[in-house]
Amino acid sequence: MPKAKRQNEQARLPISYSQPNNNILYVMMGVITLFLVFMSVKMFSLEKKINSGTAGGAPAAQQESPISVVNLKKMAKELKLNTEKFNKCLDSGEKKTLVDKDTTYGQSLGVQGTPGFFINGQFLAGAFPFSLFKEIIDKQINGTASSDCASYSTELQKYCSDPANKAFDPTTKEVDVKNMVAAGAKNGKVTIVEFSDFECPYCIRAYPTVKQILNEYKNDVTLYFKNFPLVQIHPNAAKTAEASLCAADQGKFWEFHDKVFETEAK
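Residues numbered from 1 in each chain as written. Predicted model: local features only at pLDDT ≥ 70, side-chain atom pairs only at ≥ 80, totals over all residues. Heavy atoms only, no water.

- The chain is annotated in an unreviewed UniProt entry as DSBA-like protein thioredoxin domain-containing protein from Candidatus Roizmanbacteria bacterium GW2011_GWC2_34_23.
- The heading Sequence similarities (unreviewed entry) in the UniProt record of the chain holds the text "Belongs to the thioredoxin family. DsbA subfamily." (UniProt positions renumbered as here; feature names shortened; annotations may be inferred.)

Side note on the overall build of the chain
Line of reasoning, step 1. For the chain, the count of helices and strands is eleven helices and six strands.
Line of reasoning, step 2. The 266 residues of the chain split such that 38% are buried.
Line of reasoning, step 3. Counting only contacts in the chain whose residues sit at least 6 apart along the sequence, the fraction spanning at least 24 positions is 72%.
Line of reasoning, step 4. Accessible surface, the chain as shown: approximately 16100 Å² in total, 55% of it carbon and sulfur. (Helix = DSSP H or I, 4+ residues; strand = E, 2+ residues; numbered from the N terminus. Buried < 20%, exposed > 50% of the residue type's maximum accessible area, 1.4 Å probe, protein only. Contact = heavy atoms within 4.5 Å. Areas by Shrake-Rupley, 256 points an atom, 1.4 Å probe, with all protein chains shown as cover.)

Considering the pattern of salt bridges
Line of reasoning, step 1. In this structure the tally under the stated criterion is nine salt bridges.
Line of reasoning, step 2. For Lys-96, the salt bridge is made with Asp-100, and the minimal N-O distance between the two is 2.8 Å. You can see Lys-96 and its partner Asp-100 sitting in helix H6 (residues 96-108), four residues apart, about one turn around the helix.
Line of reasoning, step 3. Given the relative accessible area of 44%, Lys-96 is considered partly exposed. (Salt bridge = Lys/Arg side-chain N within 4 Å of Asp/Glu carboxyl O.)

Digging into the layout of surface pockets
Line of reasoning, step 1. When its volume is computed, the largest pocket comes out at roughly 410 Å³.
Line of reasoning, step 2. Lining the largest pocket are 17 residues, and of these Leu-98, Asp-102, Asn-179, Met-180 and Lys-226 lie nearest its centre.
Line of reasoning, step 3. Mapped by element, the contributors of at least two residues to the lining of the largest pocket are H6, strand S6 (221-227) and helix H10 (237-248).
Line of reasoning, step 4. At four residues, H6 tops the list of elements feeding residues into the lining of the largest pocket.
Line of reasoning, step 5. Classifying every residue of the lining of the largest pocket by side-chain character gives eight nonpolar, two polar and seven charged.
Line of reasoning, step 6. Around the second largest pocket, the lining comprises 16 residues; the ones closest to its centre are Gly-110, Gln-112, Phe-123, Ala-125 and Lys-166. (1 Å grid on protein atoms, 1.4 Å probe; cavity = no way out; pocket = protein on both sides within 12 Å on 5 of 7 lines; lining within 4 Å. Points joined across faces, edges and corners; volume = space filled by probe spheres on them. Nonpolar A, V, L, I, M, F, W, Y, C, P; charged D, E, K, R; others polar.)

Some details on unusual backbone geometry
Line of reasoning, step 1. The amide bond that connects Thr-114 to the next residue, Pro-115, takes the cis arrangement and shows omega of -5°.
Line of reasoning, step 2. Relative to the helices and strands, Pro-115 is located in the loop between H6 and strand S1 (116-119).
Line of reasoning, step 3. Residues other than glycine seldom take positive phi values, yet Lys-80 does so here, at roughly 60°.
Line of reasoning, step 4. By the element assignment, Lys-80 lies in the loop between helix H4 (69-78) and helix H5 (83-92).
Line of reasoning, step 5. The phi torsion at Asn-179 lies on the positive side, around 65°, for a residue other than glycine.
Line of reasoning, step 6. As for its position among the elements, Asn-179 is in the loop between strand S3 (168-169) and strand S4 (182-184).

A closer look at the sheet that holds strand S2 (residues 122-125)
Line of reasoning, step 1. Taken together, six strands build an open sheet; the order of strands is S3-S2-S1-S5-S6-S4 and the sheet is mixed. In this open sheet, the two edge strands, each paired with only one partner strand, are S3 and S4.
Line of reasoning, step 2. Judged from the four bridges that link them, S1 and S2 form a sheet pairing that is antiparallel. Its bridge partner lying in S2, Ile-119 is registered against Gln-122.
Line of reasoning, step 3. Sheet strands in contact with H6 are strand S5 (190-196) and S6, and its direction is about 110° off that of S6.
Line of reasoning, step 4. Its contacts with the sheet put helix H11 (residues 253-265) on S4, S5 and S6, and the angle it makes with S6 is roughly 70°. (Pairing = 2+ DSSP bridges. Axes fitted to C-alpha atoms, helices over the stretch in contact; angles between N-to-C directions.)

Side note on the environment of Leu-214
Line of reasoning, step 1. Counting through the fold element by element, Leu-214 comes out in helix H9 (residues 201-216).
Line of reasoning, step 2. In this structure the C-alpha to C-alpha distance between Leu-214 and Ala-185, which are 29 residues apart in sequence, comes to 8.3 Å.
Line of reasoning, step 3. Ignoring sequence-local partners within four residues, the contact set of Leu-214 consists of Ala-183, Gly-184, Val-221 and Leu-223.

A word on the nonpolar core
Note on soluble globular proteins: their nonpolar side chains tend to be buried together.
Line of reasoning, step 1. Ranked by size, the top nonpolar core spans 47 residues in total, and within it Phe-86, Ile-119, Ile-137, Ile-192 and Phe-256 carry the most contacts.
Line of reasoning, step 2. Per element, the largest residue contribution to this core is seven residues, and it comes from H9.
Line of reasoning, step 3. Dropping the residues within four chain positions of it, Ile-192 is found in contact with Phe-117, Phe-118, Ile-119, Ile-137, Ile-213, Val-221, Thr-222, Leu-223 and Tyr-224.
Line of reasoning, step 4. In terms of nonpolar packing, the next biggest core, distinct from the first, is built from eleven residues, Val-111, Phe-123, Val-193 and Tyr-224 among them. (Core = buried A, V, L, I, M, F, W, Y, C linked by side-chain atoms within 4.5 Å.)

In structure tokens form, the structure reads like this:
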């Protein structure tokens, strides 16, 4: 074919065919694109397996709660309780009625969350610093306690004046402490009744503050404890409350109480 004719034929061909080098490039780009899509799908699949704990074909083991029934029984053994009696008490659920009774009583006093403290009847709700407890306790001891918010520091006034979030209520409520476990002074000038939940993070935070109060007011403060498990959000709280009463039957409520909070604080 004459040279001029070949040039005319090439001019009439589509561009994609007139550049054979581009054909190879497009094919290579297509292969690379498919490879990248394939790898993206594989990576996405692997990520899902890792997140769901099934990478490698085995489901990830769920971390056991430090206050599961199994661990509560271990604590009882470590405290040298009669484990046969403790386990029977816990497994039977015989303390559930008492725990429910404590909760109902707390609700009748206006307790809605934990921790909640009645300090000679004055209510303080929350894991507050030692300084605020000290202010209330000192006023009770020296006879200057008042039902008037203005009689207290600006910090306590802040928690007293907001009706929607009244964390401090200086008015006095009668709280029945009959048949309640106690710690501290035998007949202290100040009685603190604590409503608490063993699985509550704020109760765990308040635990060292309560210990500090008992240490610094050894002769003045008597502490009573009431179970108030928030079962809607703390699945292990109710059973731990029952366990504490099973330990109380063997005279080791406070030892068990301390062990639970110290274990959770780790």
